[in-house]
Amino acid sequence: MAGSMFLFVNGVSSPTSAPPVSKLLESYPGFCSISSCFFNEFILNMPRGALSAVLTFAVKFEFAAELSSTVAFGCAYTTFRTQNNGLELLFWERHLRRLATSARILFDSCPRRLFRPQINSNSIALHQMKSPEWDSLIQSSVNDSMKKAIPCALKERRSETELAFTALVSGNVKKLIPNENVGKEDIRKAFDTRLHVSVYAPLLFGVRTNAAHLAVVGNGREIANAKYSDWVRMRKPLEKLRPPSATELLLSNDGDQILEGCLTNFFVLCRKDNIEEVNGSTEKKLLKNKYNHSIELQTAPISDGVLPGVVREVVLEVCMGIGIPIREVAPSWSKRHLWEEAFITNSLRLLQHVETIQVPSSWNSLRSKTWKDITWEEKRFEEGPGSITALIQEEVMKRANLEGHPVASFLS
């Protein structure tokens, strides 16, 4: 288990060294667009002679690499970790649901996003993969892998560290019998489950030096409501635009409305205007919650094309519970003078306060070759973390403790 990293494939420990999880995800290149699915069907059903001519044409005009990428396959995945010195899994049930949902979204949008490309989109077997028991079968498969991985991983965990897991699910067409009726066990066998495990040292919340430094560098992503491996490959070109100080890259389609991070969801606590439209009329009032804060929490809605992150969901729930106003709208850079605090969330960091955000002065400058060719504007939050961010973090941790799943349950 070199480097304290483990890889289990369908519940069996891999005999080779486990790569970093990013490399594992990159090994599933996936599809670039839904249109690729129709192109692949066209290619796969083409007579051999015609296919040879098309490939020759592709090589001649130097887009053979692009052509080959359209017949690759990907996987759905989710990342989660332990808390309390490896005793509990954070939001375990939510992650299982999200993994199954992501797999189903990929399957429904284009089966070849999830399955190896040799599969026939018209096969009876593939059609019957839409079984209502699909979600529970994926969850059961991940549970089985966890039972094998946890005992090994606990031996490698060091004091003051946690365990980080990435569960990956992809389809294996070789396990399906073409044009045959598919039963429950057939569906289960049609999935390959990989579980990557590593040791993780969480950042301490509230330490100024642990603040996030963000930079807006690219457009929103495709199929954002599913967590899938192709995004790992697709975001790599954005790295050339990363300023040296940036610890996370943000996405926007216009340079003003900020959607999310490459690895995180993005939130701002924004001062609310004293003038508010109410039923078509203008009413003057000071908007305050029960903590006497005239603010609202803003984050882009799922409909704008952002990942429905597990911790994002928890943040919205706890804010509703403690009376912090929420508006699901993409935070506007042009109104950054109203931003009091900002933070990002994901399943490893949970909640991390933001100290700086950089945005290109000109959106067109993102066509530049490197970050050095871009003129940046910056928003700096002097207080970090802010009092409301700290309050939300405290409530998220309370929910984490409430929903903690005992690691010991996998040891029996």
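Now for a description of the structure that goes with this document.

Reading the values: rules and limits
Residues numbered from 1 in each chain as written. Predicted model: local features only at pLDDT ≥ 70, side-chain atom pairs only at ≥ 80, totals over all residues. Heavy atoms only, no water. 1 Å grid on protein atoms, 1.4 Å probe; cavity = no way out; pocket = protein on both sides within 12 Å on 5 of 7 lines; lining within 4 Å. Points joined across faces, edges and corners; volume = space filled by probe spheres on them. Helix = DSSP H or I, 4+ residues; strand = E, 2+ residues; numbered from the N terminus. Nonpolar A, V, L, I, M, F, W, Y, C, P; charged D, E, K, R; others polar. Buried < 20%, exposed > 50% of the residue type's maximum accessible area, 1.4 Å probe, protein only. Pairing = 2+ DSSP bridges. Core = buried A, V, L, I, M, F, W, Y, C linked by side-chain atoms within 4.5 Å. Contact = heavy atoms within 4.5 Å.

Let us look at the layout of surface pockets. Space inside the largest pocket adds up to approximately 760 Å³. Forming the boundary of the largest pocket are 41 residues, of which Lys227, Arg235, Leu263, Asn346 and Leu348 lie nearest the centre. Residue contributions to the lining of the largest pocket peak at four residues, all from helix α1 (residues 21-26). In terms of residue class, the lining of the largest pocket is made up of 16 nonpolar, 13 polar and 12 charged. In terms of lining, the second largest pocket is formed by 22 residues, of which the most central are Arg81, Pro202, Leu203, Leu204 and Phe205. Elements with a contribution of two residues or more to the lining of the second largest pocket: β3 (76-83), β16 (350-360) and α11 (387-403). Element by element, the count of residues in the lining of the second largest pocket is highest for β16, at four residues. Its residues assigned to classes, the lining of the second largest pocket shows 11 nonpolar, eight polar and three charged.

What follows deals with the pairing of β3. Buried residues dominate β3, accounting for eight of its eight residues. Note: β3 against strand β5 (residues 162-171), six bridges, orientation antiparallel. Bridged to alanine 76 within β5 is valine 169. Counted between consecutive antiparallel strands, the loop separating β3 from strand β4 (residues 88-89) contains four residues, among which asparagine 84 sits at a positive phi close to 55°.

This next bit is on the nonpolar core. One finds Leu89, Trp92, Leu114, Met146, Phe165 and Leu195 to be the most contacted residues of the largest nonpolar core, which totals 34 residues. Within the residue set of this core, elements represented by two or more residues are β1 (5-9), β3, α5 (92-109), α7 (134-156), β5 and β6 (191-200). Looking at this core element by element, the count peaks at seven residues for α7. Dropping the residues within four chain positions of it, leucine 195 is found in contact with Phe6, Leu7, Phe8, Ser145, Met146, Ala149, Phe165, Thr166 and Ala167. Core analysis: the second largest hydrophobic core is formed by 23 residues, Val314, Leu316, Val318 and Leu351 among them.

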